[in-house]
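# Breakdown of the fold
Here is what each chain is made of, one letter per residue.
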Amino acid sequence: MKNIIIINGPNLNLLGKREPNIYGNVSFDEFLKKLRKLYSNIIIDYYQSNIEGEIIDKLQEVGFSYSGIVLNAAAYTHTSVGIADAISAIDSPVIEVHISNIHKREEIRHKSLISKSVYGIICGFGLKSYEMAVHTFITNE
Ligand code: DQA
C-alpha cells in the first residue's frame, strides 16, 4: 500500500481562521477527513509544525520509506536553505504545494528556495492543490 505524508509548515495549523480571503474557511482537519475518504486505498499521514528544525527532522524520518511527500513549507518556502537541503538529501519524491498563487502575491513570495529540490510544484488551487499532489503520486507508476 502506498504511503504518503502531508507536511504543513508554519501557521497552517490556523487554516480556516487565518486570512480566510486568501486561505479559505475550511480547517485542515476537515479537509483531511474528506481527502482520506476519497483516497481510502492509500495511507495519508499528516504532520504540521511551526518550527523549521522539526520539519527537517520529519523529512529525514519519512524520506527514505514513504512513496511521496506533499510539502507546504509555508513561509519557510521563501527562506529555508535547510529545508531545501533536507529535500535533496532524501529519496522520497516531494511535491511542493501552496494554497495561494504565490506568484500573484507580494514579491517576497515569488521566490521559492525549495523548488530546485522538488519533483513538482502545484500552487494557487486552494486546498485542491494538496489533492492534486496526492492524485499525482497515486497515478504515477
Ligand atoms: C503559502 C504561501 C506562503 O507564502 C505563506 O507564507 C504561507 C502559505 C500557501 O499555501 O499559499 O504560509 O505556502
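Above this note sits the structure.
Because the structure is a prediction, the values reported are computed rather than measured. (Residues numbered from 1 in each chain as written. Predicted model: local features only at pLDDT ≥ 70, side-chain atom pairs only at ≥ 80, totals over all residues. Heavy atoms only, no water.)

### Some details on the environment of K37
- Mapped onto the elements of the fold, K37 is located in helix α2 (residues 28–38).
- Between the C-alpha atom of K37 and that of E61, which follows or precedes it by 24 residues, the distance is 26 Å. (Helix = DSSP H or I, 4+ residues; strand = E, 2+ residues; numbered from the N terminus.)

### Some words on the nonpolar core
- Of all hydrophobic cores here, the largest spans 23 residues; its most connected members are I6, F28, L35, I44, V70, Y130 and V134.
- Among the secondary structure elements, those contributing two or more residues to this core are β1 (3–8), α2, β4 (94–98) and α5 (128–139).
- Leave out the neighbours within four places in its chain, and Y130 touches I6, N8, L12, F28, F31, V70, N72, V97 and I99.
- Core analysis: the second largest hydrophobic core is formed by 19 residues, Y66, I83, A86 and I114 among them. (Core = buried A, V, L, I, M, F, W, Y, C linked by side-chain atoms within 4.5 Å. Buried < 20%, exposed > 50% of the residue type's maximum accessible area, 1.4 Å probe, protein only. Contact = heavy atoms within 4.5 Å.)

### Focus on the packing of α2 against α5
- Following both chains from N to C, one finds α2 and α5 inclined at 30°, their axes separated by 11 Å at the closest point. Put simply, α2 runs roughly parallel to α5. Handedness of the α2/α5 crossing: right-handed. Judged by residue contacts, F28, F31, L35 and L38 of α2 engage Y130, E131 and V134 from α5.
- Broken down by class, the residue content of the contact of α2 with α5 amounts to 6 nonpolar, no polar and 1 charged. (Axes fitted to C-alpha atoms, helices over the stretch in contact; angles between N-to-C directions. Parallel < 35°, antiparallel > 145°, perpendicular 65-115°, else oblique. Left-handed = near helix turned anticlockwise from the far one by under 90°. Nonpolar A, V, L, I, M, F, W, Y, C, P; charged D, E, K, R; others polar.)

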